[in-house]
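Residues per chain are reported as follows:
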Amino acid sequence: VLDNEMYSDFHLVEGDSVYNSTYDEGEICEQSVQKGQKVTKGTTIKLTVSKGAQTAEMPDLRGYTTQEVETTMRDLVTQLSLSLAYSYEESDEVEEGKVIFTSPAAGGTLNAGDTVNITVSSGQGTVMTTVPDVMDLEEADAVSQLKSKNLEASVSYVENDAEEGHVFYQSIKSGNEVPEGTVVSIKVSLGREEEPSPSPSEEPEETPTPTPTPTP
């Protein structure tokens with residue numbers, strides 16, 4: 001595109017490359033001047049090039065506790081908008097509270113928006129409890145509900161469009177059966193920092209027109 005004579009009336013500049021799941025690697029996914037917009041000859045148009053869909057390799061989480069999973073996966077969850085879904089099953093081989101296996105398995109490919117299913121050992125003869133739905137609750141209410149089910153809450157605070165002080169994420173979905181004492185990570189919204197509104201410009205004061213003096 002940069003060397004195409006068809007666009008010789010414009011000054012085309014290649015900008016940053018970004019991950020984009022809609023456009024293949026090397027394709028232009030954004031431009032600073034939109035199609036159909038009228039501009040003068042020689043206008044600079046910045047082009048953003050796609051690096052293709054962002055992927056990552058699934059780490060090996062076997063033997064990890066749920067808190068270790070959350071720490072290990074934190075950056076990947078943010079970068080790829082992943083969801084972590086936990087389930088529990090009895091095991092006489094894997095220590096209670098530690099990961100038995102994951103889907104995708106270690107070494108598999110993670111794509112944007114994927115759900116990672118994590119199966120955790122509940123040991124043997126463990127007392128189970130049902131995870132409550134704490135989404136959209138205020139932090140104190142969410143923590144209280146989790147404690148009422150003999151669950152532990154791990155709270156973090158993130159800027160988000162959800163209402164400030166309310167839960168917008170819980171690591172274990174409501175309705176799941178988990179061992180008592182399981183840690184459920186919740187994220188509480190800090191809201192969004194509002195940009196200051198521009199100060200209104202002052203209206204210029206009108207200069208009074210002098211009244212002409214009548215000629216005698």
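Residues numbered from 1 in each chain as written. Predicted model: local features only at pLDDT ≥ 70, side-chain atom pairs only at ≥ 80, totals over all residues. Heavy atoms only, no water.

Undergrad: Sorry, what's going on with the pattern of salt bridges here?
TA: One pass over the full model with this rule turns up three salt bridges. In this structure, the salt-bridge partner of Asp60 is Arg62, at a minimum N-O distance of 2.8 Å. Here Asp60 falls in the partly exposed class, since its relative accessible area comes to 36%. A residue is classified by how much of its surface remains accessible, and Arg62, at 54% relative accessible area, is exposed. Across the pair Lys98 and Glu95 runs a salt bridge, and its minimum N-O distance is 3.4 Å. (Salt bridge = Lys/Arg side-chain N within 4 Å of Asp/Glu carboxyl O. Buried < 20%, exposed > 50% of the residue type's maximum accessible area, 1.4 Å probe, protein only.)

Undergrad: Sorry if this is basic, but what is going on with the pairing of strand β8 (residues 115-121) here?
TA: Regular strands show a simple pattern: their side chains alternate between the two faces of the sheet. Among the seven residues in β8, five count as buried, and that is most of the element. Two elements, strand β5 (residues 83-89) and β8, share seven bridges in a ladder whose sense is parallel. Of the residues in β8, the one forming a bridge with Leu84 is Val116. With four bridges connecting them, strand β6 (residues 99-103) and β8 associate as antiparallel partners. Paired with Val99 across the bridge in β8 is Val120. (Helix = DSSP H or I, 4+ residues; strand = E, 2+ residues; numbered from the N terminus. Pairing = 2+ DSSP bridges.)

Undergrad: Looking at this structure, I do not really get a negative patch on the surface. What am I missing?
TA: Together, Asp133, Asp136, Glu138, Asp141, Glu163 and Glu164 make up a region of like negative charge exposed at the surface. Mapped onto the secondary structure, Asp141 falls in helix α2 (residues 139-148). Taking the relative accessible area as the measure of exposure, Asp141 reaches 43% and is therefore partly exposed. (Patch = residues over 30% accessible without salt bridge, like charges linked within 9 Å, V, L, I, M, F, W, Y side chains within 5 Å. Areas by Shrake-Rupley, 256 points an atom, 1.4 Å probe, with all protein chains shown as cover. Lys, Arg positive; Asp, Glu negative; His and termini not counted. Charge placed at Lys NZ, Arg CZ, Asp CG, Glu CD.)

Undergrad: Looking at this structure, I do not really get the side chain of His166. What am I missing?
TA: Here His166 lies in the loop between β10 (152-158) and β11 (167-170). On the basis of relative accessibility, which here comes to 14%, the residue His166 falls in the buried class. Each residue touching His166, except ones within four places of it in the same chain, is listed here: Asp136, Leu137, Glu138, Lys187, Val188 and Ser189. (Contact = heavy atoms within 4.5 Å.)

Undergrad: Which parts of the structure should I look at to understand the sheet that holds strand β3 (residues 44-50)?
TA: Two pairing modes exist for strands in a sheet, parallel and antiparallel, and in both the strands are linked by backbone hydrogen bonds. In spatial order, the strands read β1-β3-β2; together these three strands make up an open sheet with mixed pairing. Each edge of the sheet is formed by a strand with only one pairing partner; in this case those strands are β1 (11-18) and β2 (28-31). Here the average twist between neighbouring strands, direction ignored, is 30°. Sheet analysis places β2 next to β3, joined by three bridges and oriented antiparallel. The partner of Ile28 across the bridge, within β3, is Val49. (Axes fitted to C-alpha atoms, helices over the stretch in contact; angles between N-to-C directions.)

Undergrad: Just checking my understanding: could you explain the nonpolar core for this structure?
TA: As a rule of thumb, nonpolar side chains are buried together in soluble globular proteins. Membership of the largest hydrophobic core comes to 29 residues, with the highest contact counts inside it found for Met73, Leu84 and Ile118. Among the elements of the structure, α1 (66-80), β5, β8, α2, β11 and β13 (183-189) are those that each provide at least two residues to this core. The element contributing the most residues to this core is α1, with five residues. In this structure Met73 touches Met58, Pro59, Leu61, Leu82, Leu84, Leu110 and Val116, once residues within four positions along its chain are discounted. (Core = buried A, V, L, I, M, F, W, Y, C linked by side-chain atoms within 4.5 Å.)

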